[in-house]
Amino acid sequence: MAAPGAGDSLDAKDGKAPVAQRIDPTREKLTPAQLQFMRQVQLAQWQKTLPQRRTRNIVTGLGIGALVLAIYGYTFYSVSQERFLDELEDEAKAARARAMARASGS
């Protein structure tokens with residue numbers, strides 16, 4: 001009889017496909033060939049997910065950039081709409097003029 005997981009397509013007792021076991025290479029003694037195979041599998045998985053990750057990163061970057069530009073634009077818009085300083089300046093000029101008129105009229 002073959003070892004469990006050695007090419008069996010289904011387990012006989014529960015009818016499920018075998019699941020790969022997680023291996024810690026620091027604890028278990030692995031041959032250089034096994035380590036090389038693990039690296040190849042990890043590289044293949046990384047390359048498989050790379051386009052999806054790149055797309056997500058681009059979309060995230062564009063979203064953050066759009067948010068920054070929106071805040072920047074809104075700040076400029078709101079500052080340009082501030083008229084209260086102009087009104088205070090006009091009131092200060094009028095007050096100075098009244099004070100000068102009183103000083104010269106007395």
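Residues numbered from 1 in each chain as written. Predicted model: local features only at pLDDT ≥ 70, side-chain atom pairs only at ≥ 80, totals over all residues. Heavy atoms only, no water.

A. Here's a closer look at the overall build of the chain. Each helix and strand counted, the chain has 2 helices and 0 strands in total. Carbon and sulfur atoms form 61% of the exposed surface of the chain, whose accessible area is close to 10000 Å². (Helix = DSSP H or I, 4+ residues; strand = E, 2+ residues; numbered from the N terminus. Areas by Shrake-Rupley, 256 points an atom, 1.4 Å probe, with all protein chains shown as cover.)

B. Quick look at helix α1 (residues 32–80). Between its first and last C-alpha atoms α1 spans 68 Å; for 49 residues at 1.5 Å apiece the expected length is 72 Å, and the two agree. Where α1 bends most, the angle comes to about 40°, and this point is Leu-50, followed within four residues by the proline Pro-51. (Expected span 1.5 Å × (residues − 1). Bend = angle between axes of the 7 residues up to and from the residue.)

C. Main features of the packing of aromatic side chains. According to the stated counting rule, one finds 1 aromatic pair in the structure shown. Centroid distance Tyr-72 to Phe-76: 4.9 Å. Interplanar angle 75°. Geometry classified as edge-to-face. Of this pair, Tyr-72 and Phe-76 both sit in helix α1, 4 residues apart, which is roughly one turn of that helix. For the pair shown, Tyr-72 and Phe-76 are each scored as exposed. (Phe/Tyr/Trp six-rings, centres within 6.5 Å; stacked < 30°, edge-to-face > 60°. Buried < 20%, exposed > 50% of the residue type's maximum accessible area, 1.4 Å probe, protein only.)

D. Looking closely at the layout of surface pockets. Estimated volume of the largest pocket: approximately 480 Å³. Every residue along the wall of the largest pocket is listed here: Ala-20, Gln-21, Arg-22, Ile-23, Pro-25, Leu-30, Gln-34, Phe-37, Met-38, Val-41, Gln-42 and Gln-45. Of the residues contributing to the lining of the largest pocket, the split by class is 7 nonpolar, 4 polar and 1 charged. (1 Å grid on protein atoms, 1.4 Å probe; cavity = no way out; pocket = protein on both sides within 12 Å on 5 of 7 lines; lining within 4 Å. Points joined across faces, edges and corners; volume = space filled by probe spheres on them. Nonpolar A, V, L, I, M, F, W, Y, C, P; charged D, E, K, R; others polar.)

E. Spotlight on the UniProt feature "transmembrane region" (unreviewed entry) in the chain. Following the UniProt record, one finds the feature "transmembrane region" (unreviewed entry) at residues 58–77. Annotated as 100% helix and 0% strand, the span residues 58–77 places its first and last C-alpha atoms 28 Å apart. (UniProt positions renumbered as here; feature names shortened; annotations may be inferred.)

F. Spotlight on the confidence of the model for the chain. Of the residues in the chain, 84% reach a pLDDT of 70 or more, and the chain-wide mean stands at 82. Confidence drops under a pLDDT of 50 for residues 1–6, and excluding neighbours within four residues, the segment shows 2 contacts in the predicted structure. (pLDDT = per-residue confidence, 0-100. Contact = heavy atoms within 4.5 Å.)

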